[in-house]
Amino acid sequence: MVEEELLCEAALAGDCRKVRDLVAAGADVSYFDGEGLTPLMHAAKHGHADIVKTLLEFGAPWNALSPSNLSAGDIAMDSGHQDTFDLLLNAGIQAELVLGTIARTKDKNGSDLGMNYLEDRVVFSEDRLMDSNSKAIMMAWEKPLMEAHARAVCSGNGDIINIGFGMGLVDTAIQQYKPRTHTIVEAHPEVYDRMLRSGWGEKDNVKIVFGRWQDVLPQLESYDGIFFDTYGEYYEDLREFHQHLPKLLKPGGIYSFFNGLCGGNAFFHVVYCQLVSLELESLGFSTQFIPLPVKDCLGEEVWEGVKHKYWQLDTYYLPVCQEASGSE
Ligand SMILES: C[S@@+](CC[C@H](N)C(=O)[O-])C[C@H]1O[C@@H](n2cnc3c(N)ncnc32)[C@H](O)[C@@H]1O
């Protein structure tokens, strides 16, 4: 039997000493056995926290995926092993803080960016807005989420801003709260054109700013409520936007963003929720995640004709951020 098979067996059996000996003798910690599982996944499944710790120290990949798309963290979570889960979560956060291998190189929907979306054509239909690669920019199933985001950012009413118009779902919901001012930033010429044709430019309290948020920042003021939901951007862009929050958000204001981070994997999603909340904390903001069940609005038919299924989880965690001192 090859050393790696023995390593998987030792990890499954909880034999920490044997794991150490095998790894020290050169056994490959990133090995996948016949079932497509790594030694780390075996240890996670049985809650062997000491072995998980050892394997991680020896460089076992925390983000490897089994054939059914589960990471060691998912397996620990599903098996109810809290200690093991915490170790893996911590490893994931540390690794992403330094390397950013998962979401940093992907757009908000988890796809690789291969083109400049803003120069590309878009296709509107009743229940979706698509790019020319059959990837969904926005879909109608998100309507209840957008309504919940609008409720959160409009809780103090006043001056509200939304970055990214898409299908106008969140903006339609924001309008129901009759904010004093409602600014909308949109960068895609066809989306902008459609906004104008559907009368958004004539609403009394609405101000449309056409351009990339990165380019129009000098035209922006400060707001009581901010919502951010762009497309075709990296996690790094969201992070960059967060650097401007201290200036953009009025004291006591509420900030929220579309939380599609790693929406294809439950454990990676938890890692990114923690990561984004740590990053916001370093800027002086506290973040609360409100769980919203989405399973019922997401039948398989929703994804017909869509190339990338950007959301596969049963619960959506709606972020509500505010100045840390304001939330005490
Ligand atoms: C996912 S959609 C927004 C959906 C919207 N929340 C709704 O409720 O329908 C993203 C929008 O952001 C726009 N966008 C992409 N990059 C942008 C940028 N850098 N600045 C401003 N808007 C951008 C896209 O053109 C698109 O209309």
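Anything mentioned here points back to the structure above.
Residues numbered from 1 in each chain as written. Predicted model: local features only at pLDDT ≥ 70, side-chain atom pairs only at ≥ 80, totals over all residues. Heavy atoms only, no water.

Student: How should I be thinking about the overall build of the chain in this particular structure?
Tutor: Looking only at helices and strands, the chain features 13 helices and 10 strands. For the C-alpha atoms alone, the extent of the chain along its principal axes is close to 75 × 45 × 35 Å. Burial status across the chain gives 52% buried among its 328 residues. Counting only contacts in the chain whose residues sit at least 6 apart along the sequence, the fraction spanning at least 24 positions is 68%. Accessible area of the chain: about 15000 Å², with a carbon and sulfur share of 49%. When the 26 basic and 49 acidic side-chain charges of the chain are each reduced to a single mean position, those positions are 5 Å apart. (Helix = DSSP H or I, 4+ residues; strand = E, 2+ residues; numbered from the N terminus. Buried < 20%, exposed > 50% of the residue type's maximum accessible area, 1.4 Å probe, protein only. Contact = heavy atoms within 4.5 Å. Areas by Shrake-Rupley, 256 points an atom, 1.4 Å probe, with all protein chains shown as cover. Lys, Arg positive; Asp, Glu negative; His and termini not counted. Charge placed at Lys NZ, Arg CZ, Asp CG, Glu CD.)

Student: Can you walk me through the packing of helix 5 (residues 72-79) against helix 6 (residues 82-98) in this structure?
Tutor: Packed helices, taken two at a time, are described by the angle between their axes plus the distance between the axes. Between helix 5 and helix 6, the least distance of the axes is 8 Å, while the angle of their chain directions is 155°. Taken together, the axis directions place helix 5 and helix 6 in an arrangement best described as roughly antiparallel. The interaxial crossing formed by helix 5 with helix 6 has left-handed handedness. Every residue of helix 6 that contacts helix 5 at A72, G73, A76 and M77 is listed here: T84, F85 and L88. Residue composition of the contact of helix 5 with helix 6, by class: 5 nonpolar, 2 polar and no charged. (Axes fitted to C-alpha atoms, helices over the stretch in contact; angles between N-to-C directions. Parallel < 35°, antiparallel > 145°, perpendicular 65-115°, else oblique. Left-handed = near helix turned anticlockwise from the far one by under 90°. Nonpolar A, V, L, I, M, F, W, Y, C, P; charged D, E, K, R; others polar.)

Student: Got a minute to help me understand the site of the ligand in this structure?
Tutor: Taken together, 25 residues sit near the ligand, with Y117, M167, V170, E186 and D229 positioned nearest. Y117 is positioned such that a nitrogen or oxygen atom in its side chain is 2.6 Å from an oxygen atom of the ligand. Within the backbone of G166, one N or O atom sits 2.9 Å away from an oxygen atom of the ligand. A total of 600 Å² of accessible area belongs to the ligand in isolation, and the protein chains cover 100% of it. The set of elements that each furnish at least two residues to the shell around the ligand consists of strand 3 (136-139), helix 8 (169-175) and helix 10 (213-216). Looking at the shell around the ligand residue by residue, the class counts come to 13 nonpolar, 7 polar and 5 charged. (Near = heavy atom within 4 Å. Polar contact = N/O pair within 3.5 Å; in protein donor to acceptor, adjacent residues only side chain to side chain.)

Student: When you look at helix 6 in this model, what are you seeing that I'm missing?
Tutor: Residue pairs three or four apart in sequence face the same way in an α-helix, which turns once every 3.6 residues. If you check helix 6, its first and last C-alpha atoms are 24 Å apart, about what 17 residues at 1.5 Å a residue would give, namely 24 Å. Within the span of helix 6, buried status applies to T84, F85, L88, L89, A91, G92, I93, A95 and E96. Its buried side turned inward, helix 6 meets helix 3 (39-45), helix 4 (49-57), helix 5 and helix 13 (266-281). (Expected span 1.5 Å × (residues − 1).)

Student: I'm lost on the pairing of strand 3 in this one. Help?
Tutor: Within a regular strand, the side chains alternate between the two sheet faces. The sheet contact formed by strand 2 (residues 128-131) and strand 3 spans 3 bridges and is antiparallel. In the sheet register, M130 faces strand 3, and the bridge partner there is A136. Linking strand 2 to strand 3, which pair antiparallel, is a turn of 4 residues; within it S134 sits at a positive phi near 60°. (Pairing = 2+ DSSP bridges.)

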